[in-house]
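Each chain is listed here by its residues.
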Amino acid sequence: RRQRQMCIRDRALAAVFSVTCGMVFGVHRVTDYAAVRAETSAQQTLLAQVMPQATVRSETPYRAPGALSITAGYNDSGLVGYCVEVQANGFGGVLTAVVGVNTNGEVTGVAITSHNETLSTGTQALESDYLDQYKGKSGTIRSSGSNAVDTISGATATCNAVTDCVNQALSI
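Residues numbered from 1 in each chain as written. Predicted model: local features only at pLDDT ≥ 70, side-chain atom pairs only at ≥ 80, totals over all residues. Heavy atoms only, no water.

1. With respect to the overall build of the protein chain
How we decide: In this description a helix means any DSSP run of H or I spanning at least four residues, a strand means any run of E spanning at least two, and both kinds are numbered starting from the N terminus. Burial status follows relative accessibility: with a 1.4 Å probe on protein chains alone, a residue under 20% of its type maximum counts as buried, one over 50% as exposed, and anything between as partly exposed. Throughout, the Shrake-Rupley method with a 1.4 Å probe supplies accessible areas, and for residues the shown protein chains are the sole cover considered.
Of regular secondary structure, the protein chain possesses 3 helices and 5 strands. When the helices and strands of the protein chain are placed in sequence order, the string is α-β-β-β-β-β-α-α. Projected onto its principal axes, the C-alpha positions of the protein chain cover 95 × 40 × 25 Å. Counting every position in the protein chain, which comprises 172 residues, the buried fraction comes to 33%. Accessible surface, the protein chain as shown: approximately 10,400 Å² in total, 53% of it carbon and sulfur.

This is the structure we're talking about:
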């Protein structure tokens, strides 16, 4: 009789353990898929911003000094360019950007993915209105003279950091 009770108890514990493991696995699967979907969506949004002509991105085996990552952008016709993740020092510290560069060496878009710049004045240089002036540029971009971009009064360090990021990407 005692042996039978222990057997029933062991089976009950095994059943509870199995159900618990199944629930943990199920919750993990659902949340893991949600995280992957969110990351994929964020990457597609970023690709659309920095390389609108590309429909798909792919990691590349390429490494270059100054580049955190390099991904290739493709559409139905093939390779359209590269998205280069780079960093430069702004007024508030390190600024991280992704710069799209087409196969002709021209900027297709710029997105700031991380920064600590001053809200209001400093962040004006991180908005699309400012960043759009880099589109179509190639070679070395300057803050004055030939191949120059405008700077925002009061946000010079941030503007210079964005230009440094773009120049790093163009030099790769």
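2. Remarks on the sheet that holds strand S5 (residues 107-114)
We apply this condition: By the convention used here, strands pair only if DSSP detects at least 2 bridges between them. What counts as an axis is a line fitted to C-alpha atoms, over the stretch in contact for a helix, and the angles between N-to-C directions run from 0 to 180 degrees. In what follows, a contact means two residues having at least one pair of non-hydrogen atoms within 4.5 Å.
Reading across from one edge, S1-S2-S3-S4-S5 is the order of the 5 strands in this open sheet, with antiparallel pairing throughout. In this open sheet, the two edge strands, each paired with only one partner strand, are strand S1 (56-59) and S5. Neighbour-to-neighbour, the strand axes of this sheet turn through a mean angle of 25°, independent of strand direction. Taken strand by strand, helix H3 (residues 156-170) contacts strand S3 (78-90), strand S4 (93-102) and S5, and its axis lies near 140° from that of S3.

3. Focus: a nonpolar patch on the surface
Basically, it comes down to this: Patches in this entry comprise residues that are over 30% relatively accessible and not in a salt bridge; like charges within 9 Å are linked, as are nonpolar side chains (Val, Leu, Ile, Met, Phe, Trp, Tyr) within 5 Å. What counts as a salt bridge is simple: a side-chain nitrogen of Lys or Arg found within 4 Å of a carboxyl oxygen of Asp or Glu.
The grouping of Val56, Tyr74 and Leu79 at the surface amounts to a nonpolar patch, some 240 Å² of accessible area in total. Here Leu79 lies in strand S3.

4. Focus: the nonpolar core
How we decide: Here, the term nonpolar core denotes a set of buried Ala, Val, Leu, Ile, Met, Phe, Trp, Tyr and Cys residues that are joined through side-chain atoms within 4.5 Å.
With 29 residues, the main nonpolar core has Tyr130 and Tyr134 as its most contacted residues. For this core, the elements supplying multiple residues, two or more each, are strand S2 (67-75), S3, S4, S5, helix H2 (128-131) and H3. Ranked by the residues each element gives to this core, the list is headed by H3, at 7 residues. In this structure, Leu47, Val50, Cys83 and Ala111 belong to the second largest nonpolar core, which totals 9 residues.

That is the geometry; function is a separate question.
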